[in-house]
Amino acid sequence: MKLTTKIFIGLILGLIVGLGLNLFAPDLFEPLNTYLFGPLGTIFLNLIKMLVVPIVFFSITLGVAALGDPKKLGRIGIKTILFFLLTTTLAIIIAMTTSFVFKPGDAGITPSSEGYEAEEAPSVVETFTNIIPTNPIQSMVEGNMLQIITFSVFVGFAIAMLGKKAHVVKEVVEQGNEIMMYLVNIVMKFAPYGAFGLLATAAGEMGINGVKAMALYMFCVIFALAIQMYLVYGSLVKFLGKMNPITFFKEFFEAQTVAFSTSTSSGTLPISMKVAQERLGVPRAISGFVQPLGATINMDGTAIMQGVATIFIAQVYDVDLSITALLMIILTAVLASIGTAGVPGVGLIMLAMILTQVTLPVEGIALILGIDRILDMLRTAVNITGDAACAVCVAESEKKHGLTNEQLEESLERI
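In this text the structure is predicted, and so the values were computed from the model without any measurement.

Parameters and conventions
- Residues numbered from 1 in each chain as written.
- Predicted model: local features only at pLDDT ≥ 70, side-chain atom pairs only at ≥ 80, totals over all residues.
- Heavy atoms only, no water.
- Helix = DSSP H or I, 4+ residues; strand = E, 2+ residues; numbered from the N terminus.
- Buried < 20%, exposed > 50% of the residue type's maximum accessible area, 1.4 Å probe, protein only.
- Contact = heavy atoms within 4.5 Å.
- Areas by Shrake-Rupley, 256 points an atom, 1.4 Å probe, with all protein chains shown as cover.
- Patch = residues over 30% accessible without salt bridge, like charges linked within 9 Å, V, L, I, M, F, W, Y side chains within 5 Å.
- Salt bridge = Lys/Arg side-chain N within 4 Å of Asp/Glu carboxyl O.
- Core = buried A, V, L, I, M, F, W, Y, C linked by side-chain atoms within 4.5 Å.
- Phe/Tyr/Trp six-rings, centres within 6.5 Å; stacked < 30°, edge-to-face > 60°.
- Lys NZ or Arg CZ within 6 Å of the ring centre and 35° of its normal.
- Expected span 1.5 Å × (residues − 1).
- pLDDT = per-residue confidence, 0-100.

1. Let's talk about the overall build of the protein
For the protein, the helix and strand inventory stands at 16 helices and 0 strands. For the protein, the proportion of its 415 residues judged to be buried stands at 54%. Within the protein, residue pairs in contact and separated by at least 24 positions form 84% of the contacts whose partners lie at least 6 positions apart. Accessible area for the protein stands at about 18,200 Å²; split by element, carbon and sulfur atoms hold 65% of it.

2. Quick look at a nonpolar patch on the surface
A cluster of nonpolar side chains, namely Val101, Phe102, Phe219 and Phe223, defines an oily patch on the protein surface of about 350 Å² accessible area. Mapped by element, the contributors of at least two residues to the nonpolar patch are α3 (70–102) and α8 (191–239).

3. Considering the nonpolar core
In globular proteins that are soluble, nonpolar side chains generally tend to be buried together. Among the nonpolar cores identified, the biggest contains 116 residues, and Val56, Tyr217, Phe248, Leu280, Leu321 and Ile329 are the most heavily contacted of them. Filtering out sequence-adjacent residues up to four positions away, isoleucine 329 remains in contact with Ile92, Met96, Thr310, Ile311, Leu321, Ile354 and Val358. Counting 6 residues, the second largest nonpolar core, distinct from the first, contains Phe37, Leu40, Phe196 and Ala200.

4. Considerations on the packing of aromatic side chains
Throughout the structure, instances matching the rule amount to 14 aromatic pairs. On the basis of an interplanar angle of 80° and a centroid distance of 6.2 Å, the ring pair of phenylalanine 83 and phenylalanine 84 is categorised as edge-to-face. For the pair phenylalanine 83 and phenylalanine 84, a shared accessibility class is recorded, and that class is buried. Seen from their ring centres, phenylalanine 219 and phenylalanine 223 are 5.7 Å apart, and the 25° between their planes marks the pair as stacked. Here phenylalanine 219 and its partner phenylalanine 223 are both found in helix α8, 4 residues apart, which amounts to about one turn of the helix. The exposure class assigned to phenylalanine 219 is partly exposed, which follows from its relative accessible area of 39%. Under the relative-accessibility criterion, phenylalanine 223 is labelled partly exposed at 34%. Chaining the aromatic ring pairs together yields one cluster made of Tyr230, Phe248, Phe249 and Phe252. Sitting above the plane of the phenylalanine 239 ring, lysine 238 keeps its charged end 6.0 Å from the centroid.

5. Quick word on the pattern of salt bridges
Per the stated rule, a full pass over the model turns up 5 salt bridges. Salt-bridge contacts for arginine 379 lead to aspartate 376; the nearest nitrogen and oxygen are separated by 3.6 Å. Taken together, the residues span about one helical turn, with arginine 379 and aspartate 376 both in helix α15 (residues 366–398) at a distance of 3 residues. Each of the two residues, arginine 379 as well as aspartate 376, counts as buried. Between lysine 399 and glutamate 396 there is a salt bridge; the shortest N-O distance is 3.2 Å. A relative accessible area of 22% means that glutamate 396 is categorised as partly exposed.

6. Some words on helix α7 (residues 167–189)
Its 23 residues place the ends of α7 33 Å apart at the C-alpha level, agreeing with the 33 Å of an ideal helix rising 1.5 Å per residue. Those residues of α7 lying buried are Val173, Gly176, Asn177, Met180, Met181, Val184, Val187 and Met188.

7. Describing the side chain of threonine 201
Relative to the elements of secondary structure, threonine 201 occurs in helix α8. Among the residues examined, threonine 201 registers a relative accessible area of 14% and is labelled buried. Excluding residues that lie within four positions of it along the chain, threonine 201 makes contacts with Phe29, Asn33, Phe37 and Gly38.

8. Some details on the confidence of the model for the protein
Reading predicted coordinates in detail is not appropriate for stretches of low pLDDT. Averaged over all residues, the pLDDT of the protein is 82; the fraction at 70 or higher stands at 83%. The least confident element of the protein is helix α16 (residues 405–414), whose mean pLDDT is 52; the most confident is helix α12 (residues 300–316), at 91. This model gives residues 113–119 a pLDDT under 50, and the stretch forms 9 contacts once residues within four places in sequence are excluded.

9. Quick word on unusual backbone geometry
Backbone geometry at lysine 103 places phi at a positive 50°, although glycine is not the residue there. The topology assignment puts lysine 103 in the loop between α3 and α4 (124–129). With a relative accessible area of 41%, lysine 103 lands in the partly exposed category. For lysine 242, which is not glycine, the phi dihedral falls at a positive 55°.

10. Points about the environment of phenylalanine 58
One can find phenylalanine 58 in helix α2 (residues 26–67). Sequence separation between phenylalanine 58 and glutamine 175 is 117 residues, and the spatial gap between their C-alpha atoms is 9.0 Å. In this view, phenylalanine 58 contacts Val173, Gly176, Asn177 and Met180; residues no more than four positions away in its chain are not counted.

11. Some thoughts on the environment of alanine 226
As for its position among the elements, alanine 226 is in helix α8. Along the backbone, alanine 226 and valine 382 are 156 residues apart, and their C-alpha atoms lie at a distance of 8.5 Å.

Structural data, given as C-alpha cells:
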C-alpha cells in the first residue's frame, strides 16, 4: 500500500474516531487521548522537530552553493534567481492576504495549549541586527532559525567561491543532506499513525466546529494556490514568455499529474524537463539550468502553505501579529524556500521553523497535519509549474540576444 493511501486512511480513521468520541462518548475520549492519540501525535511531532536544525543548515548551504558566484552566474542565472524570489514573495503575500480575508482560524477552534501566551516581538532594528549570529553553534542549540539561515548562506557562498578548494566540505554537506533526506523518508513512514493520532486528538477536542474550520483552512490554501498558478504564472507566461497560458497549462499538465501523485519536485524533474523541452519549446540548455535550480530553491506552493498555516495558527491561538512579525514571516518563508528540499514532508519542518521564529506554538501543526498530505500533492504541482514558467520566460528573453542552443550550452558550462 502506498504511503499516500496509508495517510488517507489514517486521516479518515482519525477524523471518524475523534468526532465519534466527541459526540457519543466524551468520557472515553480523555483516557484514549492520554494513552493512545496523544503519544502517537507527540512522537511524530518530536521526529519532525528533531530534523529541523540539521535540515535547514544542510539544505540551505547546498542551495546557496548551487547558485555560485553571482558574477559568474551570468545573465540567465540572475534572471532565474530574480524570477524565483519575486514569485515566492508574491506567493507568501497572497497566502497571508487570503488568511486575513477568510479568517479560517476564527471558526471556533479551541487549541489544546490554552495557556499559551505570545512573547513580545522585537523591534525591526533588533530583528535585523540579531540576524547575524555571534555563535552559530549556540544558534543551532537555541533553534534561532534566522541566524541558522544566515550562517548557512555564508557557508554556502564560501563553498561556491572556493570551488575545488572546498570540494571535500561540499561533499560532506551533500552527504549530510542525503542523510537528512533519508531520515525524512523514515519519519514520513510514521506519518499515517501520527496523522491518525493528531487528527483524532484535534477532532475529539474541536468537534464539528473545528472540522468546519479545517475545511475553511483547506479552502484558503487551495484558493491561494489557484491564484498563484493561474493568475501569477499565467500572467508571467503571457507577458514575459509570450506564450498562450492555456497552451502552457495544457502542454504541461502531464508533468503536473506526476508531481501531484508523487509529491516530490525533485522526483518529477526528469518528466518536467522533458515536457518543457519537447512541448513548450524551451531550449535544452535553459531547461537544464533553470528547472533543476528551481527544484532546489523555488517552492512557491510550500511558501503558500506556510503563509496560510502561520496566520491560521495565530488566529486559533488569538495572537495579534505585529507588522514586524508579518515581515519576518515573509522574509523567513522566502529564505526557507531556498533550502526546502523537493521531497514529501519537508514543508512541515520548514513551517515549524517559521512558527518558532515568530514565537507561535509548534504544536499548532497538529491542527493541519491531517490534511497536509492532500495539500502537499497540490502545492508540489504548483512548485514545478513555477519552474517551467521561469524556463519559458527566460528562454523568450534570450531570443533577442540571438544565441543558438549550442552557444547557450557553452555559456552555461562556463557558469
